[in-house]
Amino acid sequence: MTAAEAPVERVAAAVYRIPTDAPEADGTIAWDSTTMVTVTVTAGGRTGLGASYTASAAQHLVEQTLAPVVTGRCALDVTAAYQAMHRAVRNIGRPGVAATAISAVDIALWDLKARLLDLPLARLLGVVRTAVPVYGSGGFTTYDDRQLTAQFGGWVHEQGIPRVKMKIGESWGGHVERDLARIRLARQVIGPHAALYVDANGAYQRKQAIRVAQAAAGHDIAWFEEPVSSDDLDGLRQVRDAVLPDVAAGEYGYDLPYFARMIGAGAVDCVQADLTRCGGITEWRNVAAVAAHGLQVSGHCAPHLHRDVAAATPNLRHLEWFHDHVRIESMLLDGAAAPDPGGTLAPNLSAPGHGLSLDQDRAQQYRIG
């Protein structure tokens, strides 16, 4: 059987819940574990792997709603499978868990296609860069000064990552003085040359966010993520027009219309897209194309799942080297890698597909479904 004759034979999902290594919180939520749903798609003696950081309900959606419309299709026709999945969730509702389920299947289908063609996924997509910039992301509001110092110092001074991001907006913007004190500490730790990013996760009100940016101006903030809710496009634009740092948002985008509205409103300087939420590699490429007239895109979290499409995206700015997901992917995925000195992540060009596989022995202790 040739690759062109390989129908999808099986779609399966599994759920894993991994405790954090310390309590974590941002401006609006706290968590002590992370749930990952994996998807495997099989055809022609090959298996593709996809995943999303989402609710365990995504497993049921994959197996009961998406698998029936994907199984039997030619494994090379990923876009057709994507459209079928999109139609299948019409009455369920696309944004939210359904979108994450579609995303995991889509990633698995692209990995499978590349494996059937015996190509690295980045080559199949079309490499435009072999070094993808990353930024260290963590600095949770639950961290004390010692934890923040160790994490940011490790990224900048030990691993050579020249960009780091911290959480602010603690308790829905209720502790601004502590936010500012932590920003001061972060700048002291990383020194004058590394880029410092902040992420409020929508915790502030409009003018409050502007006041925080003005108060922190002496610490050279380069990136202000979700200063207000990403649903408040007028507010994002108001903050963007008033502050010096680039304003970014988009991680909660579950479909292309969401991004089109954000881009059309002039609400951000950089569009964040998460391929484990927005519709996988298929929709990520659409988002990047819509943004390409004047804007860059940045990959939100899940760095190893993003690295190949990032390497194939002309208007990419960088990927988020998110502490929680880096830890999980390093623990459970064979083929996970560390950034190169200088803060870049290289796609795997020596193996077919994305080069990642789930270590079943290590993962089993975390499996819940």
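Residues numbered from 1 in each chain as written. Predicted model: local features only at pLDDT ≥ 70, side-chain atom pairs only at ≥ 80, totals over all residues. Heavy atoms only, no water.

Trainee: Looking at this structure, how should I read the overall build of the chain?
Mentor: In terms of regular secondary structure, the chain is built from 14 helices and 14 strands. Here the C-alpha atoms of the chain give a radius of gyration of 20 Å, agreeing with the 21 Å that 2.2 N^0.38 yields for 369 residues. Along the longest, intermediate and shortest principal axes, the C-alpha atoms of the chain span 65 × 40 × 40 Å. Split into buried and exposed, the 369 residues of the chain put 60% on the buried side. Expressed as a percentage of contacts within the chain between residues at least 6 apart in sequence, the contacts between residues at least 24 apart total 71%. Surface accessibility of the chain: about 13900 Å² in total, with carbon and sulfur atoms responsible for 50%. (Helix = DSSP H or I, 4+ residues; strand = E, 2+ residues; numbered from the N terminus. Rg over C-alpha atoms; globule rule 2.2 N^0.38 Å. Buried < 20%, exposed > 50% of the residue type's maximum accessible area, 1.4 Å probe, protein only. Contact = heavy atoms within 4.5 Å. Areas by Shrake-Rupley, 256 points an atom, 1.4 Å probe, with all protein chains shown as cover.)

Trainee: When you look at the side chain of His354 in this model, what are you seeing that I'm missing?
Mentor: Mapped onto the elements of the fold, His354 is located in the loop between strand E13 (344-345) and strand E14 (357-358). The buried category is assigned to His354, whose relative accessible area is 2%. Not counting the four nearest positions on each side in its chain, His354 is found in contact with Leu49, Asp111, Arg115, Leu121, Arg307, Asp308 and Asn348.

Trainee: Looking at this structure, how should I read the packing of aromatic side chains?
Mentor: Each aromatic ring pair is specified by the distance between its two centres and by the angle formed by the two planes. The full count for this structure, using the stated rule, is 9 aromatic pairs. With a centroid separation of 6.1 Å and an interplanar angle of 50 degrees, the aromatic rings of Tyr135 and Trp223 are classed as tilted. Placement of Tyr135 in strand E4 (residues 132-138) and of Trp223 in strand E7 (residues 221-225) is noted, with a sequence separation of 88 residues between them. Taking relative accessible area as the criterion, Tyr135 reaches 0% and is therefore assigned buried. Their ring planes at 35 degrees and their centres at 5.8 Å tell us that Phe152 and Trp155 sit as a pair that is tilted. You can see Phe152 and its partner Trp155 sitting in helix H5 (residues 145-158), 3 residues apart, about one turn around the helix. Its relative accessible area of 0% is what places Phe152 among the buried residues. Of the aromatic side chains, those joined through ring pairs into one cluster are Trp31, Phe140, Tyr143 and Phe322. (Phe/Tyr/Trp six-rings, centres within 6.5 Å; stacked < 30°, edge-to-face > 60°.)

Trainee: Is there a simple way to think about the side chain of Thr276 in this case?
Mentor: Of note, Thr276 is situated in the loop between strand E9 (270-273) and helix H11 (280-291). Among the polar contacts made by the side chain of Thr276, one reaches the side chain of Asp274 at a distance of 2.7 Å. Filtering out sequence-adjacent residues up to four positions away, Thr276 remains in contact with Ala51, Ser52, Tyr53, Thr100, Ser103, Ile107, Ala302 and Leu305. (Polar contact = N/O pair within 3.5 Å; in protein donor to acceptor, adjacent residues only side chain to side chain.)

Trainee: What is the right way to look at empty space enclosed by the protein in this model?
Mentor: Empty space among the atoms becomes apparent when a probe as large as a water molecule is rolled across them. On inspection of all chains with the given rule, the structure shows 1 cavity of 30 Å³ or more. Approximately 50 Å³ is the volume attributed to the largest cavity. When residues in the lining of the largest cavity are grouped by element, the largest group, 3 residues, is from strand E3 (residues 46-53). Here the residues of the lining of the largest cavity are counted per class, giving 7 nonpolar, 3 polar and no charged. (1 Å grid on protein atoms, 1.4 Å probe; cavity = no way out; pocket = protein on both sides within 12 Å on 5 of 7 lines; lining within 4 Å. Points joined across faces, edges and corners; volume = space filled by probe spheres on them. Nonpolar A, V, L, I, M, F, W, Y, C, P; charged D, E, K, R; others polar.)

Trainee: Explanation requested: the sheet that holds E3 in the structure shown.
Mentor: Hydrogen bonds between backbone atoms are what pair the strands of a sheet, whose relative direction is either parallel or antiparallel. Strand order in the open sheet formed by 3 strands is E1-E2-E3, and the pairing between neighbours is antiparallel. Of all the strands in the sheet, the pair left with one neighbour each is strand E1 (10-25) and E3. Adjacent strand axes in the sheet meet at a mean angle of 20 degrees, parallel and antiparallel pairs treated alike. In this sheet, E3 lies alongside strand E2 (residues 30-43) in antiparallel orientation, the contact comprising 8 bridges. Across the sheet, Thr40 pairs through a bridge with Leu49, a residue of E3. (Pairing = 2+ DSSP bridges. Axes fitted to C-alpha atoms, helices over the stretch in contact; angles between N-to-C directions.)

Trainee: I would appreciate a short explanation of the layout of surface pockets in the present structure.
Mentor: There is about 700 Å³ of room inside the largest pocket. Lining of the largest pocket is provided by 29 residues; of these, Asp26, Ile29, Trp31, Tyr252 and Arg277 occupy positions nearest its centre. Within the residue set of the lining of the largest pocket, elements represented by two or more residues are E2, strand E11 (316-322) and helix H13 (323-332). Ranked by residues supplied to the lining of the largest pocket, first place goes to E2 with 5 residues.

Trainee: When you look at the pairing of E9 in this model, what are you seeing that I'm missing?
Mentor: Across a regular strand the side chains alternate sides, sitting on one face of the sheet and then on the other. Here E9 shows two buried faces, one formed by Cys270 and Gln272 and the other by Val271 and Ala273. Note that E9 and strand E10 (residues 296-299) share 4 bridges and pair parallel. Across the sheet, residue Val271 finds its bridge partner in E10, namely Val297. Handedness of the E9-H11-E10 crossover: right-handed. (Right-handed = clockwise from strand over helix to strand, strands pointing away.)

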